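Spelled out, the chains give:
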Amino acid sequence: MHKIIITLTSFFIFQFSQFSFSQKKDFEKVSIDKLITETQYSSDSTESIDLIWWLPTEYWSVVFSQDKTVPKEESEVIINLLEKYVTVIVVKGKVGLFGGITYASKDSIQSSLTVKYKQNKLHLEDEKNYNPDLLNFLSVIKPMMENMLGPMGQNMQVFLFKDPGFKKILPIDTYSSEKLYFSLDSFEKEVELPLSALLEEKMCKKCKRMHSGKWSFCPYDGTELTSKE
């Protein structure tokens, strides 16, 4: 009986999580907050801070499409510089007895950070190989984070990962059904693509609720979902 319950549970999870044809949402209509929520991962530990923020190329496409102050020529250059990498922002710290935080150095984080895509471990790009324009762009990010988040923002470190060398698997297809893996010491996160924030929601004709574009069936009544008209 126990095995039957596990089998049925696995079946329903599979049915609800699998996605059929989904429509891509226009970047101008994508919720930046939802996209950030979907690409930020943190541990539940009360003794440490382990935060990984993956910035897919589509993040910049969404931001620039909604910020008309950035000239199109400039946004295209930035996206072209970043699209061959997996950009990750990480902050790691140990929480003291009275709530004080001791943040890990960039070298310490680097040695414990791993990114995998299509079951392949990606290689960390050496900053010495950064394009000068890319280096200048990234140098602007950290002061912005520091202004917004204070000490935590000051201790956020930016890393760029590239193809493993023996094969070309990047850029990441955020609309695919592939998986992306992050690990930071003992903290691990498996990301199942596509990113729902980038997809049009689907409607259940029976309960009239809107659901993630990643799903094929309504989690409440099992009705097949249809693309929003």
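Provided above is the structure to which this section pertains.
Residues numbered from 1 in each chain as written. Predicted model: local features only at pLDDT ≥ 70, side-chain atom pairs only at ≥ 80, totals over all residues. Heavy atoms only, no water.

**Description of the overall build of the protein**
- Summing up its helical and strand segments, the protein has seven helices and 13 strands in all.
- Considering the protein as a whole, with its 229 residues, one finds that 41% of them fall into the buried category.
- Residue pairs at least 24 apart in sequence account for 65% of intrachain contacts in the protein once pairs closer than 6 positions are excluded.
- When the accessible surface of the protein is split by element, carbon and sulfur atoms take 54% of a total near 13600 Å². (Helix = DSSP H or I, 4+ residues; strand = E, 2+ residues; numbered from the N terminus. Buried < 20%, exposed > 50% of the residue type's maximum accessible area, 1.4 Å probe, protein only. Contact = heavy atoms within 4.5 Å. Areas by Shrake-Rupley, 256 points an atom, 1.4 Å probe, with all protein chains shown as cover.)

**Overview of the environment of Asp-107**
- Inspection of the secondary structure assignment puts Asp-107 in helix H5 (residues 106–112).
- When its relative accessible area of 60% is taken as the criterion, Asp-107 is described as exposed.
- For the pair Asp-107 and Gln-157, spaced 50 residues apart in sequence, the C-alpha separation works out to 9.7 Å.

**Focus on the side chain of Asp-163**
- Tracing the backbone through its elements, the reader meets Asp-163 in the loop between strand S8 (157–162) and strand S9 (179–184).
- Buried charge without a salt bridge: Asp-163, with Lys-168 as the nearest opposite-charge side chain at an N-O distance of 4.8 Å.
- In terms of polar contacts, Asp-163 uses its side chain to reach the backbone amide nitrogen of Leu-170, at 2.8 Å.
- The contacts of Asp-163, once residues within four sequence positions are left out, are His-123, Lys-168, Ile-169 and Leu-170. (Lys, Arg positive; Asp, Glu negative; His and termini not counted. Salt bridge = Lys/Arg side-chain N within 4 Å of Asp/Glu carboxyl O. Polar contact = N/O pair within 3.5 Å; in protein donor to acceptor, adjacent residues only side chain to side chain.)

**Here we look at the sheet that holds strand S5 (residues 113–117)**
- Overall, antiparallel pairing links the four strands, which are arranged S6-S5-S9-S10 in an open sheet. Two strands bound the open sheet, and with one partner strand each, they are strand S6 (120–121) and strand S10 (187–192).
- Bridging between S5 and S6 involves two bridges; their strand directions are antiparallel. Within the sheet, the bridge partner assigned to Tyr-117 lies in S6 and is Asn-120. (Pairing = 2+ DSSP bridges.)

**Focus: the packing of helix H4 (residues 72–82) against helix H6 (residues 132–149)**
- At a closest axis distance of 10 Å, the pairing of H4 and H6 adopts a crossing angle of 105 degrees. Considering their axes alone, H4 and H6 lie roughly perpendicular with respect to each other. On H6, the residues that touch Ile-78, Leu-81 and Leu-82 of H4 are Asp-133, Leu-134 and Phe-137.
- Split into classes, the residues belonging to the contact of H4 with H6 amount to five nonpolar, no polar and one charged. (Axes fitted to C-alpha atoms, helices over the stretch in contact; angles between N-to-C directions. Parallel < 35°, antiparallel > 145°, perpendicular 65-115°, else oblique. Nonpolar A, V, L, I, M, F, W, Y, C, P; charged D, E, K, R; others polar.)

**Considering the environment of Met-152**
- Residue position: Met-152 is located in helix H7 (residues 151–154).
- Taking relative accessible area as the criterion, Met-152 reaches 25% and is therefore assigned partly exposed.
- The spatial distance from the C-alpha of Met-152 to the C-alpha of Lys-92 is 9.1 Å, given a sequence separation of 60 residues.
- If we skip the residues at most four places from it in the chain, Met-152 touches Ile-49, Val-91 and Tyr-103.

**Section: the side chain of Ser-65**
- Position of Ser-65 among the secondary structure elements: in helix H3 (residues 57–66).
- A polar atom in the side chain of Ser-65 sits 3.5 Å from the backbone oxygen of Phe-27.
- Setting aside its immediate chain neighbours within four residues, Ser-65 contacts Phe-27 and Glu-28.

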